[in-house]
Structures are given as C-alpha cells and as structure tokens.
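# Descriptive structure summary
Single-letter residue listing:
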Amino acid sequence: MEKRLQKFMSESGLMSRRAAEEEIERGNVTVNGVRAVLGQKIDDETDVVEYKGKRITSSGRKHVYIMLNKPVGYVTTMSDEQGRPCVAELVADVGKRVYPIGRLDMESEGLLLFTNDGEFANKLMHPRYHKPKIYHVKVRGKVEPEKIKALSCPMKIDEHIIKPVNVSVVTMKEDHTVLAMELFEGRNRQIRKMCEQVQLHIITLRRVSIGGLKLGTLRPGRWRHLTKGEIDILMS
C-alpha cells in the first residue's frame, strides 16, 4: 500500500510523524538503500525502509496510550548522545515501543504522554489542536500582584508575542509561592523565560494537566495506561 514515508514511520511506532520528518531531512532514513527525501511515498509491502541502518517494518500492533510522571533529571528523548538519563528508561517495561508526545525539559517534572499511534501524536502536537496545559510553578518568596498581572498579559518570548496565560495563586508563604499557570501554546522553556522576565526564581516546575487530563496521584517515575474516557478527552 502506497503512503508517505513519514506516515509509515509513525505508524510503525518508531517515532511521531514530526520526528520522522526531521530524521528524513537529516539523512538518517533510506528507501531501498537510497537516501530518502521529505514527502517521498513508499509501498509498505515491497520497499525496504531503514532508519540508521536498521529496517523499519509496518505493524498491525494495538495502539498504546500511557501517561508518565516524569521526574527531574531525565531528558525527553528515547536516546541521548551525551549519556544522560532518558524517559525511555522509565517506560521500558510497557511491552511495546512508545515515544513521547511533546517535551518537558530536564529540570521539569510531571505529566508526559506516550504512544505508538502516530496519528494521535500528530494531532496533539499540531498547533491547530493545541490542548491547554496547566503547570504548578513553585517560586522563591512572595509574588507581588503586579508580577502576577505581568505574567497574565501577552509577553514577548524569543521575538514572538505569546498568547495570554491564565495565572493564579495556589499557595503563598513567606519563603515561596506556588502559581498555577495555564498555557495555550508551548514554546521552548516558555514558563522559565516568562518568570525570568519578571525576576522570579523557579524552585520547581511541574505539569499537572493536559487538555483536562490530570496527573493525579501517579508517583514520580511511574506510568499507567490511559482509560478510553481519557483518550476521548484528548481527542475531543
């Protein structure tokens, strides 16, 4: 059956469609021994597709959808050239090859989704379907009302005016404040750059919700399967 190469790679469970496009552009994918090009179509029954020298096979496997409570100290990749701990280690016992949907930086923790369903991942990551994400951000000291107001207004991050962020106080004590920040887009290290602009020092940054799906009481470093109802929430 003929299909686009990046779609074939995502359906195999190897990586998301967006990641596949990046690997094709880097020259890491070949079709019948020839370097592949972006947008190329292949016959998944007759063509030999290889990624970094290893053959990719199509799969009729059952799709898997899980959430992980990512701890601090892990990079959101399936492998790392610098030898840093990867989230792949935390989901190695899933029983099927899954990959992360989106990212959390190494210093952040909380809700991270994984799947082997390329279409599902592509929809969740596409800007058109962005789901609001809620983070609990613990910062040093008490936060003045004017800083909360500044965080809630459009800000310029990396030469881009970001969408307004919903900011509220979860707890406030003498030595720290916990803010709930609801984002409607996900620019690289956005919350850290926002807090830096208003001189707030982040102690911990934890994602607790994606599109109505909540992390709940899942322990750090543990994962669980999503229920059908939770998958429907994300797809709605």
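Reference entry: report on the structure contained in this document. Note that this is a predicted model, so its numbers are computed, not measured. (Residues numbered from 1 in each chain as written. Predicted model: local features only at pLDDT ≥ 70, side-chain atom pairs only at ≥ 80, totals over all residues. Heavy atoms only, no water.)

## Structural notes on the environment of Val-48
You can see Val-48 is positioned in the loop between strand E4 (41–43) and strand E5 (49–51). A C-alpha to C-alpha distance of 46 Å links Val-48 and His-136, two positions 88 residues apart in sequence. Those residues in contact with Val-48 that sit more than four places away from it in its chain are Thr-30, Val-31, Asn-32 and Arg-55. (Helix = DSSP H or I, 4+ residues; strand = E, 2+ residues; numbered from the N terminus. Contact = heavy atoms within 4.5 Å.)

## Details of the pattern of salt bridges
Within this structure, the stated rule accounts for 12 salt bridges. For Lys-147, the salt bridge identified is with Glu-144, shortest N-O distance 3.9 Å. On the basis of relative accessible area, Glu-144 is assigned to the partly exposed category, the value being 34%. The partner of Lys-193 in a salt bridge is Asp-158, with the nearest N and O atoms 2.5 Å apart. Highlighted residues: Lys-193 in helix H5 (residues 190–197) and Asp-158 in the loop between strand E11 (156–157) and strand E12 (160–161), separated in sequence by 35 residues. Asp-158 sits in the partly exposed class, given a relative accessible area of 49%. Taken together, the salt bridges that share partners define one network made up of Asp-105, Glu-107, Arg-189 and Arg-192. (Salt bridge = Lys/Arg side-chain N within 4 Å of Asp/Glu carboxyl O. Buried < 20%, exposed > 50% of the residue type's maximum accessible area, 1.4 Å probe, protein only.)

## What about the environment of His-176?
Looking at the secondary structure, you find His-176 in strand E14 (residues 176–183). Residues His-176 and Lys-142, 34 residues apart in the sequence, show an inter-C-alpha distance of 5.8 Å. Leave out the neighbours within four places in its chain, and His-176 touches Lys-138, Val-139, Arg-140, Gly-141, Thr-171 and Ile-203.

## Some details on the nonpolar core
With 32 residues, the main nonpolar core has Phe-114, Val-137, Leu-151, Met-181, Ile-191, Met-194 and Leu-200 as its most contacted residues. Those elements giving two or more residues to this core turn out to be strand E7 (65–70), strand E9 (109–115), strand E10 (133–140), helix H4 (145–152), E14, H5 and strand E15 (202–210). Dropping the residues within four chain positions of it, Leu-151 is found in contact with Val-165, Val-167, Leu-179, Met-194, Cys-195, Val-198 and Leu-200. Of all hydrophobic cores here, the second largest spans 17 residues; its members include Met-67, Leu-124, Ile-210 and Leu-234. (Core = buried A, V, L, I, M, F, W, Y, C linked by side-chain atoms within 4.5 Å.)

## Concerning helix H2 (residues 17–25)
Those residues of H2 that sit buried are Arg-17, Ala-20, Glu-23 and Ile-24. Summarising the axial view, the buried residues of H2 lie within an arc of 115 degrees, below the 170-degree limit, and thus occupy one face. Structurally, H2 contributes buried residues whose contacts are with helix H1 (5–11), strand E2 (29–31), E5 and helix H3 (118–125). (Arc of directions from axis to C-beta.)

## Digging into the side chain of Glu-109
Tracing the chain through its elements places Glu-109 in strand E9. Arg-206 is the oppositely charged side chain nearest to the buried, salt-bridge-free Glu-109, at an N-O distance of 4.4 Å. Non-local contacts of Glu-109, meaning those with residues more than four positions away in its chain, are made with Lys-70, Pro-71, Val-72, Leu-104, Thr-204, Leu-205, Arg-206 and Arg-207. (Lys, Arg positive; Asp, Glu negative; His and termini not counted.)

## Some words on the pairing of E14
With 7 of 8 residues buried, E14 is to be regarded as a mostly interior element. Relative to E14, strand E13 (residues 166–172) runs antiparallel, the two sharing 6 bridges. When the bridges of E14 are listed, Val-167 appears paired with Met-181. The loop that links E13 with its antiparallel partner E14 comprises 3 residues. (Pairing = 2+ DSSP bridges.)

## Examining the packing of H3 against helix H6 (residues 228–235)
Closest axis-to-axis distance for the H3/H6 pair is 10 Å, and the angle between their directions is 45 degrees. With respect to H6, the axis of H3 lies oblique. Residue-level inspection shows Phe-120, Lys-123 and Leu-124 of H3 in contact with H6, the latter providing Ile-231, Leu-234 and Met-235. Tallied by class, the residues present in the contact of H3 with H6 amount to 5 nonpolar, no polar and 1 charged. (Axes fitted to C-alpha atoms, helices over the stretch in contact; angles between N-to-C directions. Parallel < 35°, antiparallel > 145°, perpendicular 65-115°, else oblique. Nonpolar A, V, L, I, M, F, W, Y, C, P; charged D, E, K, R; others polar.)

## Notes on the state of the cysteines
One pass over the full model with this rule turns up 0 disulfides. Between Cys-195, a cysteine without a disulfide, and Cys-153, which holds the nearest cysteine sulfur, the sulfur-to-sulfur distance is 14 Å. (Disulfide = S-S within 2.5 Å.)

## A closer look at the sheet that holds E5
Strand order in the open sheet formed by 4 strands is E3-E2-E5-E6, and the pairing between neighbours is antiparallel. Every other strand in the sheet has two partners, leaving strand E3 (34–35) and strand E6 (54–56) as the edge strands with one partner each. In terms of strand pairing, E5 meets E6 through 3 bridges, oriented antiparallel. Counted as the bridge partner of Glu-50 is Arg-55 from E6.

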